[in-house]
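What follows is each chain in one-letter form.
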Amino acid sequence: RQLSALSNAVLTLNSSLDVESTVTMLADQASLLTHAQVCAVFLLDDAQQTLIGRATNSLAHEQSALVNAARIPLNWRGLSGALTSQSFVLLDNLDAEWEEPTDMGRLLGALGMVSCLALPITSQGAVMGALLAYTPRHGHHFQADEIGLLQGLASQGGSAISNARLYEELQQAYEEQKALDRLKDEFILTVSHEFRTPLTAIEGYVTLISRHGHRLEQAKLSQFAAEIHQATTQLAGMISMLADANRMSNQPLQVALRPTNLRAVA
C-alpha cells in the first residue's frame, strides 16, 4: 500500500512542467504519506542562504499565507548540515523559541510549530530546498516508514522541480529566440528600405546621364555627378555601420566622445 501510494505520488509530480504546480503537488502528495497535518515546501533562494516558503498542502490552507511569507535561514538549528548530507532532521521543542524576539521565534509562534521533520529536496546531488512536515501546536512522532516514504517523495520532488525549471528556461529561451527573429526581420526590412534610397538616386542620375548626357550642360553633369557621389558615400557609410554592428557581437564597441555642433548635424 505504501509503495503504491509513493508510486502514485511520483506519477502525479511528473504530470506537470510548471514549477508552481509541481511544488504544490509535492506538498499535497506528501500529506498523503504522513499523519502530520501540514506539509510545506521551501526552496533555496539564489544566494543559497535562505529557505523560502513556496507551498503547503491544500488541507492546510490556513497555514498557506504564513508559509509563503516565511524565510528560514539555512544555518538555523543545523539545518544546513542535515540538508547537505541529504539526510533528514527532527526538530523538537520549537515552542521554546516562540517568545524569543527574533524573526524565527515569531515565525515558529505564528506557525504553531512544536516539532518538525525536515527532509532535503535534491536533484543530482544538489540541495534545492526542504520538505517540512508538522502539526500546528502539537508534537508529532514520525514513524520510520513514514520518514522513508517522505524521503523518497522529496527526492523525486527535486527531480520534478528541476525538470519544470529546465522546461521554463527552454520556454523562455524559445520566446527570446522568437523575439530575436522578429527583430532580425524588422532590421532586414529597415536596412533594405534605407539602402533603396541612395540606390534609387544613383540609378536615376545614371539613367539621366546615359539617355540625355550629350544634351546636358557641363554644370548640370557636374551636379548629377555630385549627387551620385553623395549617394555613394551614404551607401558606403551604411555598409560600414553594418560591419561595425557585426563586429559588436564579437568585441566591445569602442566609443570616442567629442564635442559636436548640433546645428550642423541637424
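Residues numbered from 1 in each chain as written. Predicted model: local features only at pLDDT ≥ 70, side-chain atom pairs only at ≥ 80, totals over all residues. Heavy atoms only, no water.

A. Representation of the sheet that holds strand β5 (residues 116-123) in the model. A sheet is described by the order of its strands in space; here six strands give the open sequence β3-β2-β1-β6-β5-β4, paired in antiparallel fashion. The open sheet is flanked by β3 (71-73) and β4 (89-91), the only strands paired with a single partner. Neighbour to neighbour, the strand axes of the sheet diverge by 30 degrees on average, direction disregarded. When β5 meets strand β6 (residues 126-134), the two strands line up antiparallel, connected through seven bridges. Residue pairing for β6: S123 is matched across the bridge by A126. Packing against the sheet, helix α3 (residues 61-68) makes contact with β1 (38-44), β2 (50-56), β3 and β6, and its axis sits at approximately 155 degrees to β2. Relative to the sheet, helix α5 (residues 103-111) contacts β3 and β6, its axis offset from that of β3 by approximately 130 degrees. (Pairing = 2+ DSSP bridges. Helix = DSSP H or I, 4+ residues; strand = E, 2+ residues; numbered from the N terminus. Axes fitted to C-alpha atoms, helices over the stretch in contact; angles between N-to-C directions. Contact = heavy atoms within 4.5 Å.)

B. Structural detail: the packing of helix α2 (residues 19-31) against helix α6 (residues 144-212). Closest axis-to-axis distance for the α2/α6 pair is 9 Å, and the angle between their directions is 170 degrees. Judged by the inter-axis angle, α2 sits roughly antiparallel to α6. Contacts from V19, T22, V23, L26, Q29 and A30 of α2 reach α6 at L150, L153, G157, A160, I161, A164, R165 and E168. Each residue belonging to the contact of α2 with α6 can be placed in one class, and the counts come to nine nonpolar, three polar and two charged. (Parallel < 35°, antiparallel > 145°, perpendicular 65-115°, else oblique. Nonpolar A, V, L, I, M, F, W, Y, C, P; charged D, E, K, R; others polar.)

C. Here's a closer look at the packing of aromatic side chains. Tallied over the full model, the rule gives one aromatic pair. With a centroid separation of 5.1 Å and an interplanar angle of 40 degrees, the aromatic rings of Y205 and F224 are classed as tilted. Taken together, the residues span a long stretch of sequence, with Y205 in helix α6 and F224 in helix α7 (residues 218-248) at a distance of 19 residues. Owing to a relative accessible area of 21%, Y205 belongs among the partly exposed residues under this scheme. The exposure class assigned to F224 is buried, which follows from its relative accessible area of 9%. (Phe/Tyr/Trp six-rings, centres within 6.5 Å; stacked < 30°, edge-to-face > 60°. Buried < 20%, exposed > 50% of the residue type's maximum accessible area, 1.4 Å probe, protein only.)

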